[in-house]
Amino acid sequence: MDPDGRGTEKRTPPTGPDGRREPATRPPGPVPRPLGLPPADFDRDPVACLARLRDEYGDVCSIASGRVLLARPEWMHWALARSNGAARADQFEEPPQFRRPDLIRDHVETWMAARRTAQWHRLGRDVAERTAPVMRRSLLSFMDAAGDSPAGLADCQLAVLDAAGGVFVRDLEGPLRSAFLAAAVLLQRESMASFALPYRFSPRARRRLRANTVWIEALVAHVGARRAARDAAEPPSDLLDLLLDARDDDRPAFSDLEVAQALSINLGNVYTVGGTGLAWLLAACGEHGVARPEGVGAEDWARAVVKETLRLYPAVALTSRTLTEDAEFGGVAVPAGDSVVLSSLLLHTDPRWWREDPGRFDPARWLAEEVHDAHAYLPYGAGPRICTGVHVSNAVLESAAGLLADRAVTGRSGLPGRRWGAITQPRRFRVRIGRGAAAG
Ligand code: HEM
């Protein structure tokens, strides 16, 4: 398989568990609602609705016109592994009202090239080590502040931006940082909205377009200044340097605008998704208590707490791919053009793939061997469009989990509800972080 996910092996996904291949049929499912909408309970709790449909109709079933649920780990992995190929990921296209021709030029190709250049695994490892003290300091001051007055989701997002933003742009400061925040806050609201008015009717959408333009233009200017000052003999210090250093036949591989685009995508995710990840970690620690069992090392425990949080409270609980070729899943035909819906949360809570009761929050499960079936744990996705922030996100969350070992998180009683959208956020989230050992 090449990095673009165009596999040379057979395109037909695996058959059902018994290996039998039935003649292809269309996916079963409920009677479609008017306008081809999903069942009414999908809006209230999409993953509970998907679980109901899976139990009623099977692991491949229709949830709305042109939308098909895949609920087996190997099928989900099949689709994710073919992103950009037989199963197109297009979630980073800007909504039409925000498109500017220069910003979407060769979008997928440029982005995939930037992904390859940046060598995320290397960036993740090197940078996580180098920035560990910065992360720790920033998280400590966030936690101290949350001891005095309760922290909400926006505070978590700022904390993660300050802890990890430097991995991508080490000098994200002053007006550049303000321009980023103005655009990010509005973008997030837009991406969580269930209904968006067309651009020309929506003052908020117009504000967001303006804020986005200001931010991208400031970033492009910053990239230009960094390019002019870059000494190639110096080792790269952030993602910006790595992208500037990339060469295509001795010429810079990316224009300033392309570098800015790749940086902006990542910084946007640090703030929105990374911050949401921290909020869920705090919510989980507050609700369940995560006292470290005797005999377990501090780092191992922090890692286990983070894995368990990402299992039960993944910030990206749902994603989808559009098939560009006909496919067949366990004898059920899904035609090109249909969108396959994939839910990490559905997979993470399906007892068929987990050794211990997956409904229970239990970080200790991660101390055992063979915790789950292959491909049954996908908090960061998989394949060529796997989250680029895996290492950075884990470094921030593990650092935070370590600091929480001698702190107590308190908030409203019970776990916050979920606000479903491109990101699954905790609803009405507010916690106080006090001194004192974590409860067990
Ligand atoms: C430092 C924080 C983070 C950064 C910089 C980051 C960055 C990104 C980027 C740039 C993508 C798009 C990749 C592409 O389409 O090629 C992505 C995808 C994704 N991220 Fe993250 N992310 C972060 C945190 C998280 C967290 C906390 C989660 C939740 C568990 C998460 C889960 C995902 C998933 C599941 C995808 C793939 C979506 C899909 O395949 O459709 N990310 N991330």
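Rules used in this analysis
- Residues numbered from 1 in each chain as written.
- Predicted model: local features only at pLDDT ≥ 70, side-chain atom pairs only at ≥ 80, totals over all residues.
- Heavy atoms only, no water.
- Donors = N, O, S within 2.8 Å, 3.2 Å for Na, K, Ca; no water.
- Helix = DSSP H or I, 4+ residues; strand = E, 2+ residues; numbered from the N terminus.
- Pairing = 2+ DSSP bridges.
- Contact = heavy atoms within 4.5 Å.
- Axes fitted to C-alpha atoms, helices over the stretch in contact; angles between N-to-C directions.
- Phe/Tyr/Trp six-rings, centres within 6.5 Å; stacked < 30°, edge-to-face > 60°.
- Buried < 20%, exposed > 50% of the residue type's maximum accessible area, 1.4 Å probe, protein only.
- Near = heavy atom within 4 Å.
- Polar contact = N/O pair within 3.5 Å; in protein donor to acceptor, adjacent residues only side chain to side chain.
- Nonpolar A, V, L, I, M, F, W, Y, C, P; charged D, E, K, R; others polar.
- Patch = residues over 30% accessible without salt bridge, like charges linked within 9 Å, V, L, I, M, F, W, Y side chains within 5 Å.
- Areas by Shrake-Rupley, 256 points an atom, 1.4 Å probe, with all protein chains shown as cover.
- Salt bridge = Lys/Arg side-chain N within 4 Å of Asp/Glu carboxyl O.
- Lys, Arg positive; Asp, Glu negative; His and termini not counted.
- Charge placed at Lys NZ, Arg CZ, Asp CG, Glu CD.
- pLDDT = per-residue confidence, 0-100.

A closer look at the coordination of the iron atom of the ligand
Just one protein atom donates to the iron atom of the ligand; it is Cys 387 (SG), sitting 2.3 Å from the metal. Structurally, Cys 387 is set in the loop between α12 (344–348) and α13 (390–403).

Some words on the sheet that holds strand β3 (residues 87–88)
In space, the five strands of this open sheet follow the order β1-β2-β10-β7-β3, with mixed pairing throughout. Pairing within the sheet leaves two strands with one partner each, and these edge strands are β1 (60–64) and β3. Both β1 and strand β2 (residues 67–70) contribute to a ladder of four bridges, which runs antiparallel. Counted as the bridge partner of Val 60 is Leu 70 from β2. Where helix α2 (residues 46–57) meets the sheet, it contacts β1, β2 and β10 (339–342), and its direction lies at approximately 130° from that of β1.

Notes on the packing of aromatic side chains
Within a pair of aromatic rings, the relevant descriptors are the distance that separates the centres and the angle that separates the planes. Within this structure, the stated rule accounts for nine aromatic pairs. Ring centres 6.2 Å apart and planes at 85° place the aromatic pair Trp 354 and Tyr 377 in the edge-to-face group. Placement of Trp 354 in the loop between α12 and α13 and of Tyr 377 in the loop between α12 and α13 is noted, with a sequence separation of 23 residues between them. Taking relative accessible area as the criterion, Trp 354 reaches 6% and is therefore assigned buried.

Notes on the site of the ligand
Close to the ligand lie 25 residues; Arg 115, Thr 319, Arg 321, Arg 385 and Cys 387 are nearest. Separating an oxygen atom of the ligand from a side-chain N or O atom of Trp 111 is a distance of 2.8 Å. One of the side-chain N or O atoms of Arg 115 is found 2.7 Å from an oxygen atom in the ligand. Broken down by secondary-structure element, the contributors of at least two residues to the shell around the ligand are α4 (107–118), α10 (256–288), β7 (319–323) and α13. It is α10 that provides the largest number of residues to the shell around the ligand, a total of five residues. Considering only residue class, the shell around the ligand consists of 14 nonpolar, eight polar and three charged.

Focus on the pairing of β7
Strand direction decides the pairing type here: β3 and β7, joined by two bridges, are antiparallel. Looking at the pairing, Arg 88 lines up with Thr 322 of β7. As judged from the four bridges shared by β7 and β10, these two strands associate in the antiparallel manner. Residue Thr 319 lies in a different strand from β10, and its bridge partner there is Leu 342.

Observations regarding a positive patch on the surface
Together, Arg 412, Arg 419, Arg 427, Arg 428 and Arg 430 make up a positively charged patch on the protein surface. Structurally, the position occupied by Arg 419 is in strand β12 (residues 418–419). Taking relative accessible area as the criterion, Arg 419 reaches 33% and is therefore assigned partly exposed.

Quick notes on the confidence of the model for the protein chain
Of the residues in the protein chain, 84% reach a pLDDT of 70 or more, and the chain-wide mean stands at 86. The lowest-confidence element of the protein chain is α4, averaging 79 in pLDDT; the highest-confidence one is α12, averaging 98.

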